[in-house]
Amino acid sequence: DQSDHTNAPNTPLPPPRDGTGPFSALVERAPHGATTRMEVTRENFAAVLPSFMTQLGSCSFVAIDEEMTGIRRDRTTEPTAGDLCGQRYGKMKRVTETFNLMQVGVCLFHEKDDGALEARPYNFIIFPDETSKNRIRMDVSTAYFHKGNGIDFNKWIREGIPYITAEEDDLLRTKATESLMSPSAKGGDLQTPSKVEATKEDDKVFVAACMAAITKWDAGGDVLEVEEPPVDFSTLPSVVTWVRQCGVGKLKLRKPPKPFVVEMGEEGELILPACNGFLRKILFQEIEEAFPTFTTESRPAESTFWKKIAIMKLTEEEKTAREEKKMNTAIATVDARAGFLRVFRALCESKKPIVGHNLLYDLLFLFHNFQADLPGQLSDLKATLHALLPNIWDTKMLSVAAKYQETWLASLYKKSLAENAESEKPLVLSVAEGFEDYTAKGQEHEASYDAYMTGVIFQHFKATGQAPAALHNTCYLMRSLFALNLAGDDSMYETGAVVHLSGFDQTTGTGDLVKLFPKDKQVNLRWIDSFSTFAVLQNCTVEEAIACLDDYKGDVKIQTVEDHIAEYKAAEKAAAEAPADLQAEIETLKTENQRLLTELAGPPKKATGKRKATEADEEEEEAEPGGKKRKGPAEKKEKGPAASSKRKAAAPAEEMEVDEEEDEGEEEPVAKGSKGKKAAVKKEVPKKKAKVEKAAPKPTKAKAKEEKAAPKPKGKVGRPTKAAAKEEEEEEEDLKPKNKGGRPPKAAAEEEKAAPKAKAAPKATAKKAVPAKEEPPAGRRAPKSRG
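A brief structural summary.

Parameters at a glance
- Residues numbered from 1 in each chain as written.
- Predicted model: local features only at pLDDT ≥ 70, side-chain atom pairs only at ≥ 80, totals over all residues.
- Heavy atoms only, no water.
- Helix = DSSP H or I, 4+ residues; strand = E, 2+ residues; numbered from the N terminus.
- Buried < 20%, exposed > 50% of the residue type's maximum accessible area, 1.4 Å probe, protein only.
- Contact = heavy atoms within 4.5 Å.
- Areas by Shrake-Rupley, 256 points an atom, 1.4 Å probe, with all protein chains shown as cover.
- Pairing = 2+ DSSP bridges.
- Axes fitted to C-alpha atoms, helices over the stretch in contact; angles between N-to-C directions.
- Core = buried A, V, L, I, M, F, W, Y, C linked by side-chain atoms within 4.5 Å.
- Parallel < 35°, antiparallel > 145°, perpendicular 65-115°, else oblique.
- Left-handed = near helix turned anticlockwise from the far one by under 90°.
- Nonpolar A, V, L, I, M, F, W, Y, C, P; charged D, E, K, R; others polar.

## Concerning the overall build of the protein chain
Along the protein chain, the regular secondary structure elements total 23 helices and 22 strands. Out of the 787 residues belonging to the protein chain, those deemed buried represent 42%. At a minimum sequence separation of 6, the contacts of the protein chain that also span at least 24 residues come to 74%. About 43700 Å² of surface is accessible on the protein chain, with carbon and sulfur atoms providing 53% of the total.

## A short note on the pairing of strand β4 (residues 117-125)
Summarising burial for β4: 9 of the 9 residues are buried, a large majority. Burial along β4 is two-sided: Leu117, Ala119, Pro121, Asn123 and Ile125 and Glu118, Arg120, Tyr122 and Phe124, pointing in opposite directions, are all buried. By the bridge criterion, 2 bridges tie strand β1 (residues 39-40) to β4 in an arrangement that is parallel. Counted as the bridge partner of valine 40 is phenylalanine 124 from β4. In terms of strand pairing, strand β3 (residues 101-111) meets β4 through 9 bridges, oriented antiparallel. The residue of β4 that forms the bridge with valine 106 is tyrosine 122. Linking β3 to β4, which pair antiparallel, is a turn of 5 residues; within it glycine 115 sits at a positive phi near 90°. With 3 bridges joining them, β4 and strand β13 (residues 429-431) adopt parallel strand pairing. The residue of β13 that forms the bridge with alanine 119 is valine 431.

## Section: the sheet that holds strand β20 (residues 557-560)
Spatial ordering of the open sheet is given by β18-β19-β17-β20, a layout of 4 strands whose pairing is antiparallel. Both edges of this open sheet fall to β18 (524-529) and β20, since each of them pairs with a single strand only. Geometrically, the sheet is characterised by an average inter-axis angle of 25° between neighbouring strands, direction not taken into account.

## Considering the nonpolar core
With 98 residues, the main nonpolar core has Phe124 and Tyr452 as its most contacted residues. With 23 residues, the next largest nonpolar core counts Ala209, Ala213, Phe260 and Phe294 among its residues.

## Considerations on the packing of helix α6 (residues 201-218) against helix α7 (residues 277-290)
Contact pair α6 / α7: the axes reach a minimum separation of 11 Å and the direction vectors enclose 40°. With respect to α7, the element α6 is oriented oblique. In this structure, the crossing between α6 and α7 has a hand that is right-handed. Residue-level inspection shows Asp203, Phe206, Val207, Cys210, Met211 and Ile214 of α6 in contact with α7, the latter providing Phe278, Leu279, Ile282, Leu283, Glu286, Ile287 and Ala290. For the contact of α6 with α7, the residue count by class is 11 nonpolar, no polar and 2 charged.

So, in structure tokens, the structure goes:
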């Protein structure tokens with residue numbers, strides 16, 4: 001979706017239908033009955049298209065919006081503050097190539113002589129042509145988002161307008177034109193040098209029978225009463241199939257062809273029996289050579305994939321009229337398959353101003369679905385896209401430049417209506433008859449309504465001088481220092497001195513880099529990755545910012561943004577000019593790098609399916625004071641099993657005193673720790689007080705091996721070293737798979753062996769005695785308390 005108001009509150013913006021809303025004074029009611037939604041599907045597309053073309057030719061500007069099946073692929077495609085325009089395009093390109101379009105909203109705005117603005121919103125529901133090789137992919141969170149906003153998925157699939165790209169359309173039209181040529185001329189030079197001849201006996205007989213029937217028909221004879229052909233075609237096994245029955249291969253004849261029968265058509269044409277493509281090619285050549293004035297064509301046959309050949313005797317006028325009719329039929333067939341491509345081409349040919357909100361994704365999806373595959377380089381995209389749509393306005397870019405605090409679509413629409421109502425000459429809005437009266441009732445996240453809101457905002461910006469020519473053909477890039485100029489060089493709209501920092505290791509954090517500059521510079525970092533970042537400084541120039549590191553002797557490299565961009569473009573150019581085999585290796589490395597980054601990044605954040613879902617977060621970041629520090633990649637908290645193991649290892653060991661003394665190898669019911677966790681305590685022969693580390697719940701094998709391999713302090717655990725070693729071995733045994741009784745097999749065997757020799761437990765000498773416990777049966781352990 002082109003609107004970036006996913007996280008916005010669902011505030012009712014337009015006035016109610018009774019006309020009592022706060023903006024009712026500036027709403028001109030459409031005629032009665034003008035509340036029918038102009039929803040365009042496969043069923044009514046052909047009927048709506050002519051009027052759409054007419055209104056497009058006379059409108060002042062066009063606002064567009066789209067609904068997609070997803071807008072986030074993984075974390076490697078999420079926008080970052082350090083993205084250059086080429087890098088951001090690469091991310092957006094991968095997203096565009098992954099997902100599909102569902103709706104395209106096109107709202108035509110007409111400026112009347114009295115200054116009023118009349119809108120005609122069309123909501124086109126589109127679905128790929130049935131011959132398309134594209135796959136339908138949908139993000140799960142996007143599906144739930146669209147479901148919550150009332151999108152009918154069944155209607156999208158059943159009634160969606162088909163579409164193909166301009167390249168596919170040109171190819172289909174070329175094939176349609178070639179199909180109207182003489183059948184023997186198809187293929188051009190491939191068939192001209194030599195004739196195709198039959199080699200099989202049954203093929204020769206069939207061709208001879210057909211030519212004999214044509215000769216008799218040309219002479220005025222009754223071909224329906226021809227003598228029996230010399231061969232009964234029903235007995236010729238011209239086609240066989242290999243089948244298996246009961247595991248044994250056998251030959252089985254297909255249904256044999258019918259006896260040789262010719263037909264007479266409704267217009268007096270002769271129709272030969274159905275045959276395969278090879279025989280038809282031979283017949284076309286033979287007929288053209290023997291009867292050059294005849295007109296021939298292929299026609300489908302019933303209950304077979306073979307086709308029949310129809311032969312006609314036509315005058316030159318009849319031939320011309322027939323060819324025109326066939327051409328119109330072929331073009332109509334291609335037009336039906338082209339579908340919404342006809343609307344896209346009309347928009348391009350009109351050269352009308354195209355307005356959108358956060359428009360770049362809209363343009364990329366339009367180009368990819370209706371023009372061609374997206375080019376690999378941003379410069380190539382700019383050249384092609386600007387030639388198609390040379391008049392672009394992005395209301396998101398205009399609102400950011402105008403310093404609006406809230407720039408998501410619904411908020412801007414409400415703000416524009418409020419400012420318009422307070423002006424001396426408020427703009428009068430109306431919706432043409434036969435269209436949804438969006439002035440009285442709206443439906444956010446419906447493509448046509450979002451396009452309508454975008455157009456109203458643009459008209460307000462124009463009226464108040466907030467649409468400067470400098471921002472013409474400029475698209476907003478979320479969380480970026482740059483704005484993408486489709487008609488020229490990209491510009492940086494960030495205020496302050498911006499420099500590029502690199503060369504440091506990934507342990508360097510925001511605080512480390514901020515300390516390199518004076519405190520009065522109000523440094524704000526825009527991280528690119530763990531090894532580079534942009535630094536935005538206030539109250540100084542770029543030269544002064546670079547001079548701050550003149551005396552620095554560390555590894556941090558500082559340079560201007562222009563130098564950084566030049567280095568990036570030089571690297572891209574070198575990669576593009578590399579040999580083909582090296583380019584393939586580079587692409588392989590890029591793919592592998594993206595895969596590794598995706599694995600390291602983990603699953604993507606839960607998205608709302610709206611492309612602008614993260615802009616609310618972006619605006620919160622922008623609202624923070626410039627001096628506020630955010631964590632860099634090296635300072636972010638570690639997550640996952642590895643980090644969990646590190647935190648456990650760094651945590652201080654909890655200890656508990658044990659006063660009970662028993663034979664080595666036996667266990668007592670354990671005491672509960674300070675946090676509700678239990679520690680298994682081993683009894684020892686020596687009557688000494690021992691401090692035992694509290695056992696962590698569910699220890700891993702890796703941790704047990706680390707603890708076993710670590711050096712053990714001697715004389716500090718209050719027991720003989722051998723006893724401590726044996727206790728550790730028993731703890732390790734607890735980590736191994738247990739038998740049906742829930743005990744380690746080795747430990748159970750040792751207990752069974754030692755049980756007959758067990759001695760009575762000595763009396764306790766501790767401060768607090770533990771009451772005597774009943775001895776468990778031989779071969780079984782005392783049960784552990786589960787707390």
